[in-house]
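If you want the building blocks of each chain, they are given just below.
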Amino acid sequence: MTVEALTDDTRRRRRTKLGIVGAGAVGATLAYAALMRGVAQTVALYDVNTAKVRAEALDLSHGIQFVPMAHVEGSDDVEVLADSDVVVFTAGAKQKPGQSRLDLAESTIGIVRSILPRLVEVAPDAVHVMVTNPVDVVTYAALQISGLPPARLFGSGTVLDSSRLRFLLAEHIGVAAQSVHAYVVGEHGDSELPLWDSASVGSVPLLRWRTPDGAVALDAAARERIAADVVQSAYRVIEGKGATNYAIGLAATRIIEAVLYDEHRILPVSSLLTDYYGIGDVCLSVPAIVHAGGVGDRVEVPMTDAELGGLRASAEAVRATARRFGF
C-alpha cells in the first residue's frame, strides 16, 4: 500500500521516529510539541550535555500518560538518532540580546560541521530540517558539508515569520489568524519581506480589505509597521526571556507533520534555489511543497516588481554572508 492510500489514522499508527539534535530551549520545546500532537512514536534527543539531555527525556517521559502513546529517548551518543525518519537540528550558538542571526553563523557552522556527517551515517534515509540560526546560511553550509540531496535537507525558514505576520494581521483586522493567508519570504532575518500583493483574508485580497466604515484596513503606514514588527519580534522575545522557543517549536512540528504524513503542504521553508525568478545558488525561503521526500517544487507566487527586488536583495545578503565563511 502506498503512502497516498493510507488514511490519516493509519499514517499515525505507522512506526515513525523523530530525532532532535540539541536539548536546549528549542529542542526540548520541539520534543514537547511533537509529543502533544502525536507526531511520532519515538522522539529521540541528542545533546553533548549528558545530564541535561537525560533529564529532559525523563521529564517528558513522565508525562506520556497524558499524550498520544510514544517513547522518549535521550543520550549524548548520536546513535540515539539511528534510523530516524526526520532529524531536526536545533543545536547552535545562543543568540544574545541585540545580536543579529547572521552574527551567529561562524560558531553554528562549526557545530554543524562536527555533528552532521555522523547524523547522515546513523540516519541515512532521514529528511533533515535545520532550525538553528542563521538558518539560511547554515542550511546552505549543511548541504555542502553533508552532500545530501537538496530535497532532503532544508531549513525551517520563514514558517515562523509567516505565522507572526498572520497573527499581527489578524489582530489588526479583527479576524482569526487561521483565516489570514500571507507569506514572509527571503532571509529568516532582517532582509525578509512580506508578500502583500498575494496575501488574502478568506478569499478577499488583503489590500482590498475594508474596515466597517469602508476605509482601507491596511494602508502603507500600517503595512510598514507590521512588517517591522515581524522582523523585531524575535529580538523582543530574546530581550525579555533569553530565547524564542514556543512558537518555533510549534512551527517546526508543523513542518515535521508535513513530511511524516506526506501532506504536500505549501510552507515557506528555506531551501536551495536554482532558478526561482532567476535567483539561484542560495538557500532562501519561498513557498514550497513539503512532502515525505522533503522539499519539492517551489511555488512561483506572483510578485510586484518591488517584492521581487526585495527578494533578490535578500538573496544577495545571504550569499554575502555565506561567502564570508567560505561557502
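One can find the structure itself at the top, above this paragraph.
What this report covers is the structure whose coordinates are included nearby. Predicted, not measured: the structure shown is a model, and the values here were computed from it. (Residues numbered from 1 in each chain as written. Predicted model: local features only at pLDDT ≥ 70, side-chain atom pairs only at ≥ 80, totals over all residues. Heavy atoms only, no water.)

## Overview of the overall build of the chain
Next, step 1: A count of helical and extended segments in the chain gives nine helices and 16 strands.
Next, step 2: By the compact-globule yardstick of 20 Å for 327 residues, the chain fits well, its C-alpha radius of gyration being 19 Å.
Next, step 3: In terms of principal-axis extent, the alpha carbons of the chain reach across some 60 × 45 × 45 Å.
Next, step 4: Taking all 327 residues of the chain together, 53% fall into the buried category.
Next, step 5: Accessible surface, the chain: about 14,300 Å² in total, of which carbon and sulfur atoms supply 53%.
Next, step 6: Treating the 30 positive side-chain charges of the chain as one cloud and the 38 negative ones as another, the clouds have centres 2 Å apart. (Helix = DSSP H or I, 4+ residues; strand = E, 2+ residues; numbered from the N terminus. Rg over C-alpha atoms; globule rule 2.2 N^0.38 Å. Buried < 20%, exposed > 50% of the residue type's maximum accessible area, 1.4 Å probe, protein only. Areas by Shrake-Rupley, 256 points an atom, 1.4 Å probe, with all protein chains shown as cover. Lys, Arg positive; Asp, Glu negative; His and termini not counted. Charge placed at Lys NZ, Arg CZ, Asp CG, Glu CD.)

## A few points about the packing of helix 6 (residues 159-173) against helix 7 (residues 220-241)
Next, step 1: It is the contact of helix 6 with helix 7, at a shortest axis distance of 9 Å, that shows an interaxial angle of 135°. Compared by their axis directions, helix 6 and helix 7 come out oblique. Where helix 6 crosses over helix 7, the handedness of that crossing is right-handed. Here Asp 161, Arg 164, Leu 165, Leu 168, Leu 169 and His 172 of helix 6 lie close against helix 7, whose contacting residues are Ala 222, Arg 225, Ile 226, Asp 229, Val 230, Ser 233 and Ala 234.
Next, step 2: Looking at the contact of helix 6 with helix 7 residue by residue, the classes come out as seven nonpolar, two polar and four charged. (Axes fitted to C-alpha atoms, helices over the stretch in contact; angles between N-to-C directions. Parallel < 35°, antiparallel > 145°, perpendicular 65-115°, else oblique. Left-handed = near helix turned anticlockwise from the far one by under 90°. Contact = heavy atoms within 4.5 Å. Nonpolar A, V, L, I, M, F, W, Y, C, P; charged D, E, K, R; others polar.)

## Concerning the pairing of strand 2 (residues 42-46)
Next, step 1: Of all five residues that make up strand 2, five are buried, and the element is covered over most of its length.
Next, step 2: Burial of strand 2 is two-sided: the residues Thr 42, Ala 44 and Tyr 46 facing one way and the residues Val 43 and Leu 45 facing the other way are all buried.
Next, step 3: In the sheet, strand 1 (residues 17-21) pairs with strand 2 via five bridges, with the strands oriented parallel. Its bridge partner being in strand 2, Val 21 is matched across the sheet by Tyr 46.
Next, step 4: For the crossover from strand 1 across helix 2 (residues 25-36) to strand 2, the handedness is right-handed.
Next, step 5: Examined bridge by bridge, strand 2 and strand 3 (residues 71-75) share five bridges and lie parallel to one another. Bridged to Leu 45 within strand 3 is Gly 74.
Next, step 6: As for the winding sense of the linkage, the β-α-β connection from strand 2 through helix 3 (residues 50-61) to strand 3 is right-handed. (Pairing = 2+ DSSP bridges. Right-handed = clockwise from strand over helix to strand, strands pointing away.)

## With respect to the side chain of Asp 136
Next, step 1: Along the chain, Asp 136 falls in helix 5 (residues 135-146).
Next, step 2: Once residues within four sequence positions are removed from consideration, Asp 136 is found in contact with Gly 186, Glu 187, His 188, Ser 270, Cys 283, Leu 284, Ser 285 and Val 318.

## Quick notes on the pattern of salt bridges
Next, step 1: Inspection of every chain in the model, using the stated rule, returns ten salt bridges.
Next, step 2: Salt bridges here are not isolated pairs; linked through shared partners, they connect Arg 37, Arg 254, Glu 257, Glu 263 and Arg 265. (Salt bridge = Lys/Arg side-chain N within 4 Å of Asp/Glu carboxyl O.)

## A word on the side chain of Thr 139
Next, step 1: Structurally, Thr 139 can be placed in helix 5.
Next, step 2: A polar contact is formed between the side chain of Thr 139 and the backbone oxygen of Val 135, at a distance of 2.6 Å. (Polar contact = N/O pair within 3.5 Å; in protein donor to acceptor, adjacent residues only side chain to side chain.)

## Some details on helix 7
Next, step 1: The end-to-end C-alpha distance of helix 7 is 32 Å, a good match for the 32 Å that 22 residues give at a rise of 1.5 Å each.
Next, step 2: Along helix 7, the largest kink reaches about 45° and is centred on Gln 232.
Next, step 3: Every buried residue of helix 7 is accounted for by Ala 222, Ile 226, Val 230, Val 231, Ser 233, Ala 234, Tyr 235 and Ile 238.
Next, step 4: Contacts made by the buried residues of helix 7 are with helix 6 and strand 8 (184-185).
Next, step 5: Directly beyond the C-terminal end of helix 7, a positive phi value near 95° is found at Gly 242. (Expected span 1.5 Å × (residues − 1). Bend = angle between axes of the 7 residues up to and from the residue.)

## Quick word on the packing of aromatic side chains
Next, step 1: Evaluated as defined, the whole model comprises one aromatic pair.
Next, step 2: Each ring, one from Tyr 276 and one from Tyr 277, has its centre 5.2 Å from the other, and the planes form 90°; the classification is edge-to-face.
Next, step 3: You can call Tyr 276 buried: its relative accessible area is 3%. (Phe/Tyr/Trp six-rings, centres within 6.5 Å; stacked < 30°, edge-to-face > 60°.)

## Points about unusual backbone geometry
Next, step 1: The linkage connecting Asn 133 with the following residue, Pro 134, adopts the cis geometry, with an omega of -5°.
Next, step 2: Note on placement: Pro 134 falls in the loop between strand 5 (127-130) and helix 5.
Next, step 3: Despite not being glycine, Asp 83 shows a phi value in the positive range, around 65°.
Next, step 4: Within the fold, Asp 83 resides in the loop between strand 3 and strand 4 (86-89).

## Points about the nonpolar core
Next, step 1: Counting residues in hydrophobic clusters, the biggest one holds 49 residues, and the most contacted among them are Val 21, Leu 81, Phe 89, Leu 119, Met 130 and Leu 311.
Next, step 2: For this core, the secondary structure elements donating two or more residues are strand 2, strand 4, helix 4 (105-122), helix 5, strand 13 (270-273), strand 14 (282-285) and helix 9 (305-324).
Next, step 3: If one sorts the elements of this core by residue count, helix 4 sits on top with eight residues.
Next, step 4: The contacts of Leu 119, once residues within four sequence positions are left out, are Val 21, Val 78, Leu 81, Val 87, Phe 89 and His 128.
Next, step 5: Among the nonpolar cores identified, the runner-up in size contains 40 residues, and Ala 31, Ala 34, Val 259 and Ala 288 belong to it. (Core = buried A, V, L, I, M, F, W, Y, C linked by side-chain atoms within 4.5 Å.)

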